[in-house]
Structures are given as C-alpha cells and as structure tokens.
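Listed here are the chains, written in short residue letters.
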Amino acid sequence: MYFSTSNEILLKPETSGRLAKWAIDLGEQDISYRLRTSIKGQALADFLLEIPDEGNLAKERIWAVEEVPANDHSWTLYTDGASSREGSGAGLILTSPEGDEVIYALRFDFHTSNNEAEYEALLAGLRLAKQMGAKAVTALTDSKLAANQINGSIEARDKRMERYVRMVRQLIRSFRQFTIKQIPRSENKRADALSKLASTCFDHLSKKVLVEVLRERSTDEQQVNTLTTTGPTWMTPFMEYLQRVVLPDDHSEARKIRIKAPSYALINGELYRKGFTAPWLKCVHQAKGNWAEELPAVLWSYRTTPRTSTWETPFSLTYGTEAILPLEITVGTLRAVNADEESNGQDLRLNLDVLEERREKSEIRQAAYKRVTERYYNQRVKEKAFKVGEYVLRRNEASRTQPQGKLVPVCEGPNKIKEANRNGAYVLETVEGRRIPRTWNARNLKKFFF
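The text that follows walks through the structure, step by step, so that each part is easy to find. (Residues numbered from 1 in each chain as written. Predicted model: local features only at pLDDT ≥ 70, side-chain atom pairs only at ≥ 80, totals over all residues. Heavy atoms only, no water.)

## Side note on the overall build of the chain
Part 1 of the reasoning: Check the secondary structure of the chain and you find 16 helices and 15 strands.
Part 2 of the reasoning: Residue burial in the chain is summarised as follows: out of 450 residues, 30% are buried.
Part 3 of the reasoning: Considering only contacts within the chain whose residues lie at least 6 apart along the sequence, 61% involve residues at least 24 apart.
Part 4 of the reasoning: Of the roughly 31400 Å² that the chain leaves accessible, carbon and sulfur atoms contribute 52%. (Helix = DSSP H or I, 4+ residues; strand = E, 2+ residues; numbered from the N terminus. Buried < 20%, exposed > 50% of the residue type's maximum accessible area, 1.4 Å probe, protein only. Contact = heavy atoms within 4.5 Å. Areas by Shrake-Rupley, 256 points an atom, 1.4 Å probe, with all protein chains shown as cover.)

## Observations regarding the pairing of strand 8 (residues 264–267)
Part 1 of the reasoning: Summarising the sheet, strand 8 and strand 9 (residues 270–273) pair through 4 bridges and their orientation is antiparallel. Among the inter-strand pairings, isoleucine 267 is bridged to a residue of strand 9, identified as glutamate 270.
Part 2 of the reasoning: Hairpin geometry of strand 8 and strand 9 is characterised by an intervening segment of 2 residues between the two adjacent antiparallel strands and by a positive phi of about 55° at asparagine 268. (Pairing = 2+ DSSP bridges.)

## Notes on the packing of aromatic side chains
Part 1 of the reasoning: All told, the structure shown has 8 aromatic pairs when counted by the stated rule.
Part 2 of the reasoning: Consider the rings of tryptophan 234 and phenylalanine 238, whose centres lie 6.2 Å apart with planes at 75°: the pair is edge-to-face.
Part 3 of the reasoning: Taking the relative accessible area as the measure of exposure, phenylalanine 238 reaches 6% and is therefore buried.
Part 4 of the reasoning: Among the aromatic residues, those joined into a cluster by ring pairs are Trp234, Phe238 and Tyr264.
Part 5 of the reasoning: Directly above the ring of tryptophan 440 sits arginine 394, whose terminal nitrogen or CZ lies 4.7 Å from the centroid. (Phe/Tyr/Trp six-rings, centres within 6.5 Å; stacked < 30°, edge-to-face > 60°. Lys NZ or Arg CZ within 6 Å of the ring centre and 35° of its normal.)

## Focus on the packing of helix 5 (residues 144–151) against helix 6 (residues 159–172)
Part 1 of the reasoning: At their nearest, the axes of helix 5 and helix 6 sit 10 Å apart, and the two run at 65° to each other. The crossing of helix 5 and helix 6 is right-handed. Residues Leu145, Gln149, Ile150 and Asn151 of helix 5 lie in contact with helix 6, whose contacting residues are Met161, Val165, Val168, Arg169 and Ile172.
Part 2 of the reasoning: For the contact of helix 5 with helix 6, the class distribution of residues is 6 nonpolar, 2 polar and 1 charged. (Axes fitted to C-alpha atoms, helices over the stretch in contact; angles between N-to-C directions. Left-handed = near helix turned anticlockwise from the far one by under 90°. Nonpolar A, V, L, I, M, F, W, Y, C, P; charged D, E, K, R; others polar.)

## Details of the sheet that holds strand 12 (residues 411–420)
Part 1 of the reasoning: With antiparallel pairing, 5 strands are arranged side by side in an open sheet as 14-13-12-11-15. Edge positions in the sheet fall to strand 14 (440–441) and strand 15 (445–447), since each of these pairs with one other strand and no more.
Part 2 of the reasoning: Sheet analysis places strand 12 next to strand 13 (residues 425–429), joined by 4 bridges and oriented antiparallel. Its bridge partner lying in strand 13, glutamate 419 is registered against valine 427.

## Observations concerning helix 15 (residues 355–377)
Side chains of residues three or four places apart in an α-helix project in the same direction, reflecting 3.6 residues per turn.
Part 1 of the reasoning: With 23 residues, helix 15 extends 33 Å from end C-alpha to end C-alpha; this agrees with the ideal 33 Å at 1.5 Å per step.
Part 2 of the reasoning: Those residues of helix 15 not exposed but buried are Leu355, Arg358 and Ser362.
Part 3 of the reasoning: Considering only its buried residues, helix 15 is in contact with helix 11 (314–319) and helix 14 (341–353). (Expected span 1.5 Å × (residues − 1).)

## What to know about the sheet that holds strand 10 (residues 281–282)
Part 1 of the reasoning: Taking strand neighbours across the sheet as the criterion, the 3 strands line up as 8-9-10 in an open arrangement whose pairing is antiparallel. Taken across any chain shown, the strands that pair with only one partner, and hence form the sheet edges, are strand 8 and strand 10.
Part 2 of the reasoning: Together, strand 8 and strand 9 form the strand contacts of helix 8 (residues 236–244), whose direction differs from that of strand 8 by roughly 70°.

## As for the environment of leucine 123
Part 1 of the reasoning: Mapped onto the elements of the fold, leucine 123 is located in helix 4 (residues 114–131).
Part 2 of the reasoning: For leucine 123, a relative accessible area of 0% puts it in the buried group.
Part 3 of the reasoning: Once the C-alpha coordinates of leucine 123 and isoleucine 172 are considered, the two residues, 49 residues apart in sequence, prove to be 9.9 Å apart.

## Let's talk about the nonpolar core
Part 1 of the reasoning: Ranked by internal contacts, the top residues of the largest apolar core, which has 36 residues, are Leu106, Tyr119, Leu122, Leu126 and Val168.
Part 2 of the reasoning: The biggest single contributor to this core is helix 4, with 9 residues.
Part 3 of the reasoning: Other than its neighbours up to four places away in sequence, leucine 122 contacts Leu77, Thr79, Ala139, Ile150, Val168 and Ile180.
Part 4 of the reasoning: Within the second largest apolar cluster, 9 residues are counted, among which are Phe386, Ile436, Trp440 and Leu445. (Core = buried A, V, L, I, M, F, W, Y, C linked by side-chain atoms within 4.5 Å.)

## Overview of the environment of asparagine 151
Part 1 of the reasoning: Residue placement: asparagine 151 occurs in helix 5.
Part 2 of the reasoning: A residue is classified by how much of its surface remains accessible, and asparagine 151, at 5% relative accessible area, is buried.
Part 3 of the reasoning: Linking asparagine 151 and lysine 181, residues 30 residues apart in sequence, is a C-alpha distance of 9.2 Å.
Part 4 of the reasoning: A polar contact of 3.1 Å, which involves the side chain of asparagine 151, links it to the backbone oxygen of alanine 147. (Polar contact = N/O pair within 3.5 Å; in protein donor to acceptor, adjacent residues only side chain to side chain.)

## What to know about the side chain of arginine 394
Part 1 of the reasoning: Within the secondary structure, arginine 394 is located in strand 11 (residues 391–395).
Part 2 of the reasoning: Taking relative accessible area as the criterion, arginine 394 reaches 8% and is therefore assigned buried.
Part 3 of the reasoning: A polar contact is formed between the side chain of arginine 394 and the side chain of glutamate 412, at a distance of 2.7 Å.
Part 4 of the reasoning: Ignoring any residue separated from it by four or fewer positions in sequence, one finds arginine 394 in contact with Ser399, Thr401, Val410, Cys411, Glu412, Asn415, Leu428, Ile436, Trp440, Asn444 and Leu445.

## A look at unusual backbone geometry
Part 1 of the reasoning: Residue proline 414 follows glycine 413 across a cis peptide bond; omega there is 10°.
Part 2 of the reasoning: Inspection of the secondary structure assignment puts proline 414 in strand 12.
Part 3 of the reasoning: Unlike most non-glycine residues, tryptophan 311 shows phi in positive territory, near 65°.
Part 4 of the reasoning: Here tryptophan 311 is to be found in the loop between helix 10 (291–303) and helix 11.
Part 5 of the reasoning: With a relative accessible area of 62%, tryptophan 311 lands in the exposed category.
Part 6 of the reasoning: One non-glycine residue with positive phi stands out, namely arginine 438, at about 60°.
Part 7 of the reasoning: Structurally, arginine 438 can be placed in the loop between strand 13 and strand 14.

What follows is the structure in structure tokens.
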C-alpha cells in the first residue's frame, strides 16, 4: 500500500506525537513502506497488449458491403500467428452461427515475422470463410497492429504490411459485412496454442484439426492455371439430383443415386461428402476404377515429398537434385517456362558436389528422429530384467508346449535363467539342466517364486 505521508509515519514516528499514534495503528496491520519501483518497458507493452483500448471505436469498424438479412448470422473467426527459431505457423478457428467449428493449423515453409504470421493467419481464415459461404464475418485477433491497420486507425508504412492490408481488404469485399476486433491474448488461447504447435510439427494435433503447409507467401505473385473438365463425371448424377431433382433413366442407377444422395451436399456449385466425426470432404473429378492409371502420379508424389525424419525427398537423396511434377511441364508453370538450360546444368553439377554431405546430414537427422521416437514410446515401458540362476515361467502362448484352449494354464515351467543377453533376451534351461532351444524375450517370461 502507498500513502502520501507513509514515509514520515513509518520511518520517523518520533517527529510528532500524532504521527506516532498513526505508526502504532498502522503497525498492527503489518504495513510496511516500500518505494515505488520503475515499470519496465516490456511489462508496459505486455499490459497494453493484454488490455486493449475498448474505447477506441476505430478498432471495431464494421465493413458493410451490402445490407445483411436479419436471419443471416455472423460467423466468428479466431486467428493467431507465431514465429520462432524453430519455424512459423498459424492457427485459426472458424465457428458457424449454429456453433459448428472448423479448426485449421498452418505451417509456413518460409521465414516470417510475428506480424506477417498474424496476417497470413487472417488471410487463410478469410479464404476459408469465403469457401464455406459465409456472408457476415467477425474476425477476432490479439494483434493490435493488424486490427488497427485494417481498420485504418494506423497507417501501414512498411511495403510488406501495405501488401497484406491490401489483400485483406480485397477479401473483405467477398462478404456482405465484416468486423475485426482486437481481443486480449487470454481470450485467444486455443488459436494461440494451435499456432505454436503448427510452427514446430503436426504430430501432437488432433485428427479433427485440418493441417496445411504453405510454400509461398500470400503476397507473392502466383501464376494460376485453370484446368477445366469436359464431359460428365461420376459427380454429375449427384449434382443433377441435389440441384434439380433429376435422376438417370436407368432404374438401378436412379435407385443408387437416391440412396447415396443424402451423404452428399452441394455448396456453391461444389460437391462435398458429409462426415459425422470428420470434416466434409470436397469431391474431385476422378473416374472410379482408374487406380492403375493414377498409380505413377501417386508414386511420383511420394518420391518428391520431403520425409519428416530426413527433411529430404527420396528422389533428391538418390539422384542428388529435386524433381518437378510432370504436370508443371504440361501446364507450363512459371518455373518451367523461365528455366535456363545453361544455369540449370551448373546447378545440377553443384548439387552432385554436395550430395554426399546432404546424405550424411540426412543420416544424422534420421538417427536423431529415431532416438526421439524411441524415447517417446519407451516412456511408459516398464523394464523387466532377470538374473542368471533365477527361475521363471514361460507364457504358454509363446512356448506352445501344451495344447491351446481356454482351460489350459497361462504359463508353464519353471525354467532357469542360464544366460542374459542384451535387449531383454534370455537363454533358458530346465530344472534338470537341459538347454531350451532359442532365446526368450522378457515379455514372455514371469518370475517364479518357490
């Protein structure tokens, strides 16, 4: 506690009789005088971040493109981004007016600052809300910079921030109404935890969490090639039935469509398969029964996908360089069109020079990954060890010395430990001293007490 005259009362009570009385009265309350210390800048910054200024109306600007119907409730979007030495990631939670949640985790394959990660999370959330058909969105973020730059109360002077703000405002035009608010970090714990987990790995995330890895920034210019399908596909009968209640002429096919149609939904012209315990799946244009034709593409994707244990693709470790998908040559992507054969040849020779070093680094990473995995699975394993000369029982299920059945004893023996090898393997002998064939694992043995 602080008082204006507490210094004189508690430290110099002899100066006045009245002050002495005050000192006695305050002394029984165990009150001591303490100088006011300075507030560090970081503590003040954390306080301002946790307690946003709710009185500033500029932070809660409502972007209304057109009037929203009364029955069209707003979707709620929680976003958060994280950046550290281990990596960068983002987490977002999109909640429908009915209370259904879509949980998304993103990991970035490029270096970002904390502010850039916040914008990437917001852009991903807005794109997801647009795909879900949301008309009114309320975005909640703990980033004071992003909220105020988008609402216009803070000017974006950095060129990268200007591009992010411009992209966000372009996406806002896709909704009839949009609101962004800054909230305390304590109210954004779920999205914050998702972003921190996604920045390192996806291993500890639930299966209900949708995951994605972004290879490029949202602000980078990308070449988009549109592929159109010609002719009917396996989805056409379902879309015709869901949209116009039209069935095929064949009676058996019409019956199949009528039975299976409730498992699908048509949203914005796209067909989705419903899920009860998992997110809805978007249907793609692929003919049934063509797995043999699709197998080479699947194997190619597997060989050109980086492994978690080595951080390298199987193709690059074998041939010393990365490969591109055949589709890039067919469609004509930016990388394929602007390829230079002379510089490409020099880069290929350079990759061969460092191939051995890359393989050695991959072996080190793989060994470290194995140790981490082994340590994780061995945490709950109770080690069982026996000494030479001790008596044990063998599980009948492993030894099979007696016929199998419900009334057969679980263990048989006793047997004696003759040798103890590594990794819990033992050599046994009978009580009479006869050696029992092969080694026996400790999990199939049980200590016997006379």
